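# Structure at a glance
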Number of protein chains: 2
Amino acid sequence: MADTIKVSGSSVTTSVAGAIAGVMRHDHAADVQAIGPKAVNQAAKALAIARVYLQDDGLSICCVPQLVDVDVDGQTRTAVRFSVIELPEGVAP
Amino acid sequence: MADTIKVSGSSVTTSVAGAIAGVMRHDHAADVQAIGPKAVNQAAKALAIARVYLQDDGLSICCVPQLVDVDVDGQTRTAVRFSVIELPEGVAP
């Protein structure tokens, strides 16, 4: 089970990108989760930045987006979860 | 070069998902582009829904997020572009 990196609307994209890159280097898989437009936007930007960080290490990543129901303070909210995986060589676009 | 599907903050996620699924079935690659938090959120949700649509056809997809500068009415804006690719069998998370 990959670590879940939770992103909020006020998360700093480069910091989140660093966290994603760190987990990917260590575990070769990561989950990035966000609720709401601002948070999803920060998550998407962070993933784009992490991709560049990891490219420098020879790692190609891609994200599988999923909608998941999560419990927040007793209320069910729909989160966007990006499961980040490593692409085999030759598959990158 | 894959078709670019442009998503706005008022795009209907299931309609965009249908468009993504259509392009993926036909071309096996698609680009989904959005500017701003609401649009990026709709794009991410649409990709998650398209993933389910295509799963039913035996197609696994993933997205490579990139930040790209685009010209909008003479102004440079940063867009999030998700390049959607087909995953080879056995790579899906």
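The paragraphs below set out a description of the structure included in this document. All of these numbers come straight from a predicted model, not from anything done at the bench. In every chain, residue numbers begin from 1 and rise along the written sequence. Written order decides the labels, with chains lettered from A and ligands numbered from 1. At least 70 in pLDDT is required for a residue's local features to be given in this predicted model, at least 80 for side-chain atom pairs to be given and counted, and no such filter applies to totals for whole chains, interfaces and linings, which use all residues. Note that the side-chain values use all heavy atoms of the structure and ignore hydrogens as well as water.

### Examining the nonpolar core
- In plain words, nonpolar cores are sets of buried Ala, Val, Leu, Ile, Met, Phe, Trp, Tyr and Cys residues tied together by side-chain atoms within 4.5 Å. Whether a residue is buried, partly exposed or exposed follows from its accessible area with a 1.4 Å probe, protein chains only, as a fraction of its type maximum: under 20%, in between, or over 50%, in that order. Of all hydrophobic cores here, the largest spans 52 residues; its most connected members are Ile-20, Val-32 and Phe-82 of chain A together with Ile-20, Val-32 and Phe-82 of chain B.
- Residue contacts are counted whenever heavy atoms from the two residues lie within 4.5 Å of one another. Filtering out sequence-adjacent residues up to four positions away, Ile-20 of chain A remains in contact with Ile-5, Val-32, Ala-46, Leu-47 and Ala-50 of chain A.

### Quick notes on the side chain of Ser-11 of chain A
Residues and elements named next belong to chain A.
- A run of DSSP states H or I qualifies as a helix once it reaches four residues; a run of E qualifies as a strand once it reaches two. Both are numbered from the N-terminal end. Position of Ser-11 relative to the elements: it lies in the loop between strand E1 (4–7) and helix H1 (13–27).
- On the basis of relative accessible area, Ser-11 is assigned to the buried category, the value being 16%.
- From its side chain, Ser-11 meets the backbone nitrogen of Ser-8 in a polar contact 2.8 Å long.
- With residues near it in sequence (within four places) discarded, Ser-11 still touches Val-16 and Gln-42. Contacts described as polar in this section are N or O atom pairs within 3.5 Å, which, within protein, must combine one atom able to donate a hydrogen with one able to accept it, while residues neighboring in sequence count only if both atoms come from side chains.

### Focus on the interface of chain A and chain B
- In this assembly, 27 residues from chain A lie in contact with 27 residues from chain B.
- Of the roughly 2100 Å² buried where chain A meets chain B, counting both sides, 81% is carbon and sulfur surface.
- Take a side-chain nitrogen of Lys or Arg and a carboxyl oxygen of Asp or Glu: if they are within 4 Å of each other, that pair is a salt bridge. Counting every contact that joins chain A to chain B gives 0 salt bridges.
- In this structure, the connection of chain A to chain B is made through 1 residue pair in polar contact (both at pLDDT 80 or more).
- Secondary-structure elements contributing two or more residues to the side of chain A that touches chain B are helix H2 (37–55), strand E3 (61–72) and strand E4 (75–86) of chain A.
- The leading source of residues in the side of chain A that touches chain B is H2 of chain A, at 10 residues. Accessible surface is computed with a 1.4 Å probe, and the buried area is the amount of it that two parts give up when combined, taken over both parts together.

### Observations concerning H1 of chain A
All names here are of chain A.
- In a regular helix each residue adds 1.5 Å, so 15 residues correspond to 21 Å; H1 covers 21 Å between its end C-alpha atoms and thus fits that length.
- Those residues of H1 that are buried are in contact with E1, strand E2 (29–34), H2, E3 and E4.
- Trailing H1 by a residue or two, His-28 shows a phi angle of about 60°, which is positive. Each helix should span, by expectation, one fewer than its residue count multiplied by 1.5 Å.

### A word on the relation of the copies chain A and chain B
- Superposition of the copies used a least-squares fit over C-alpha atoms from residues whose pLDDT is at least 70 in both. Aligned on chain B, chain A shows an RMSD of 0.0 Å; the corresponding rotation is 180° and the shift along the axis is 0.0 Å. As the rotation angle and translation indicate, the two copies are arranged about a two-fold axis.
- A shared interface surface links the copies, since 100% of the contact residues of chain A are contact residues in chain B too.

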